[in-house]
Amino acid sequence: MNEPSPMALGTAPFSDDRPDQEQILLMLAGKWISGVIHVVARLGIADLLADGPRTADDLAEATGAHARTLYRFLRASAAVGVFAERPDGRFELTPKAEYLRSDVPGSMRNLAYFYGETTVWNCWGHVMDTVRTGEAVGPKLRGGKTWFQYLEQDAPEFAEVFHGSMTALNDARAPRIADSFDFGRFPVVADIGGGQGQMLSAILRRHPSVRGILYDIPTAIKGARELLEREGVADRVHCEEGSFFERIPGGADAYVLKAIMHDWSDAECEGILRRVRRAIGDKTDTRLLIIDGVLPELNEWHYSKLMDIAMLVNDKGAERTAVDWRRLLEASGFELAEIHPTAPPHCIVEGKPA
């Protein structure tokens, strides 16, 4: 009798114990895994299992899904460690599945919804167009609109999902970033494109003497006041609606741009940074703090090397190396002071007025 392959035996996906060909096969199936998790996240299966195991039939009735089909999605999820199928036919949460609950810190439920959203997903079906032309296909699929124009004008409900996913990611990362750098030396910190204010809240909680400016478009900043109140820092934050493509508020001693630059092309980033430079004016002690990925050279693994392609395909964004950051800062009226390690996959790129 032939020995069963490691794939049949249930060796963990992408394990070095697998033959290289099987690892490639699993990599190619990555979109299937993402699609399955998108479905169970959207249905809220993890929330329904929070009180204990349930059958696929029971979960189907609760979600309005087709029972046998939902079972197949749950079985596929369990195969990659998201949920576990018990011998009695019920499914239960696993440590991974906990992050698909809506009510846990660092929840990935909204992010799973976002990754499978139609316009995001469809970009990959046209990726050869991007490779051949260098142009993002996302705007073409959205009638010429950028990602954020689409959210603002066409998809307000999905905008809540997207901004909620960014907030959830910050639940875990923001405190670690705030701990890794001395933000306390700046009397006023402006978080540009700061969404609901999680990053700014983390900074202000650690530094009671610091005041903040939270600046973002209306759909992103919606709900910020509630979050700031909950974090106990609302009395130290001035919230202001606006676009960094039009203006940057003045009066800050440090300007934070977290996960902003990778959304945009070099030309657009240069425009944003030049507006920051104008807002700084003659205050040469003011600092620009870009919290973003810094790609390592050659073959070293880094999540942002994949994110780089996602940003390119969806809306002409990019991840950048240290050399890229230096070049971008110098073109915008800054010089690179230092790159500080912080919560992966990010670093803090510190710029000072040139």
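Everything numeric here is computed off the predicted structure, so don't read it as measured data. (Residues numbered from 1 in each chain as written. Predicted model: local features only at pLDDT ≥ 70, side-chain atom pairs only at ≥ 80, totals over all residues. Heavy atoms only, no water.)

Peer 1: I'm lost on the overall build of the chain in this one. Help?
Peer 2: Within the chain, the regular secondary structure consists of 18 helices and 12 strands. Taken against the 2.2 N^0.38 rule, which gives 20 Å for 354 residues, the C-alpha radius of gyration of the chain at 22 Å falls within 12% of a compact globule. Seen through its principal axes, the chain has C-alpha atoms that stretch 75 × 45 × 40 Å. A burial count over the chain gives 49% of its 354 residues as buried. Across the chain, the fraction of contacts at a sequence separation of at least 24, relative to all contacts at a separation of at least 6, is 63%. (Helix = DSSP H or I, 4+ residues; strand = E, 2+ residues; numbered from the N terminus. Rg over C-alpha atoms; globule rule 2.2 N^0.38 Å. Buried < 20%, exposed > 50% of the residue type's maximum accessible area, 1.4 Å probe, protein only. Contact = heavy atoms within 4.5 Å.)

Peer 1: It is not clear to me how the sheet that holds strand β1 (residues 54–55) should be interpreted in this structure. Could you clarify?
Peer 2: In a beta sheet, neighbouring strands pair by backbone hydrogen bonds and run either parallel or antiparallel. Ordered by their spatial adjacency, three strands build an open sheet running β1-β3-β2, and the pairing between neighbours is antiparallel. Of all strands in the sheet, those with a lone pairing partner are β1 and β2 (84–85), marking the two edges. Both β1 and strand β3 (residues 90–92) contribute to a ladder of two bridges, which runs antiparallel. Looking at β3, one finds that T55 is bridged to R90. (Pairing = 2+ DSSP bridges.)

Peer 1: I keep staring at the packing of helix α13 (residues 198–206) against helix α15 (residues 224–231) and nothing clicks. Help me out?
Peer 2: The description of two helices packed together rests on the angle between their axes and the distance between the axes. Packing of α13 against α15 leaves a shortest axis separation of 10 Å and a crossing angle of 25°. In this view, α13 runs roughly parallel relative to α15, as classed from their interaxial angle. In this structure, α13 crosses over α15, and the sense of that crossing is right-handed. For the pair formed by α13 and α15, the contact residues are Q198, S201 and R205 on the first element and L227, L228 and E231 on the second. (Axes fitted to C-alpha atoms, helices over the stretch in contact; angles between N-to-C directions. Parallel < 35°, antiparallel > 145°, perpendicular 65-115°, else oblique. Left-handed = near helix turned anticlockwise from the far one by under 90°.)

Peer 1: Explanation requested: the sheet that holds strand β5 (residues 211–216) in the structure shown.
Peer 2: Strand order in the open sheet formed by seven strands is β6-β5-β4-β7-β8-β12-β11, with mixed pairing between adjacent strands. Pairing within the sheet leaves two strands with one partner each, and these edge strands are β6 (237–241) and β11 (334–341). Each strand of the sheet is rotated relative to its neighbour by a mean of 20°, with strand direction disregarded. Sheet analysis places strand β4 (residues 188–192) next to strand β7 (residues 254–258), joined by three bridges and oriented parallel. What sits directly across from V189, in β7, is A254. Sheet strands touched by α15: β5 and β6. Its angle to β6, the strand with the most contacts, is close to 170°.

Peer 1: Even after reading the chapter, I still don't get the packing of aromatic side chains, so can you show me in this structure?
Peer 2: Inspection of every chain in the model, using the stated rule, returns 15 aromatic pairs. Plain terms: the ring middles of W147 and F158 are 5.8 Å apart, the flat faces sit at 85° to each other, and that makes the pair edge-to-face. Placement of W147 in helix α11 (residues 147–153) and of F158 in helix α12 (residues 156–180) is noted, with a sequence separation of 11 residues between them. When its relative accessible area of 3% is taken as the criterion, W147 is described as buried. For F158, a relative accessible area of 7% corresponds to the buried category. Of the aromatic side chains, those joined through ring pairs into one cluster are Y113, F114, Y115, W147, F148, Y150, F158, F162, F244, F245 and W264. (Phe/Tyr/Trp six-rings, centres within 6.5 Å; stacked < 30°, edge-to-face > 60°.)

Peer 1: What is the right way to look at the nonpolar core in this model?
Peer 2: General note: in soluble globular proteins, nonpolar side chains tend to be found buried as a group. The biggest cluster of nonpolar side chains holds 41 residues, and the ones touching the most others in it are W147 and M261. Excluding residues that lie within four positions of it along the chain, W147 makes contacts with F114, E117, T119, V120, R142, F158, F162, N314 and D315. A174, L214, L289 and I348 belong to the second-largest nonpolar core, a separate cluster that totals 26 residues. (Core = buried A, V, L, I, M, F, W, Y, C linked by side-chain atoms within 4.5 Å.)

Peer 1: Help me out: how do you make sense of the state of the cysteines in this one?
Peer 2: As used here, a disulfide is simply a covalent bond connecting the sulfur atoms of two cysteines. Scanning the model with the defined rule gives zero disulfides in all. No disulfide involves C123; its nearest neighbouring cysteine sulfur is the one of C269, lying 18 Å away. The thiol of C269 is unpaired, and the distance to the nearest cysteine sulfur, on C347, comes to 16 Å. (Disulfide = S-S within 2.5 Å.)

Peer 1: I keep staring at the pairing of strand β8 (residues 287–292) and nothing clicks. Help me out?
Peer 2: On a regular strand, each side chain points to the face opposite its neighbour's, so the side chains alternate between the two faces of the sheet. Counting buried residues in β8 gives six out of six residues, a clear majority hidden from the surface. Alignment of β7 against β8, held across five bridges, turns out to be parallel. The residue bridging K258 from the neighbouring strand is I291, located in β8. Following the backbone out of β7, through helix α16 (residues 266–280) and into the adjacent parallel β8, one traces a crossover that is right-handed. (Right-handed = clockwise from strand over helix to strand, strands pointing away.)

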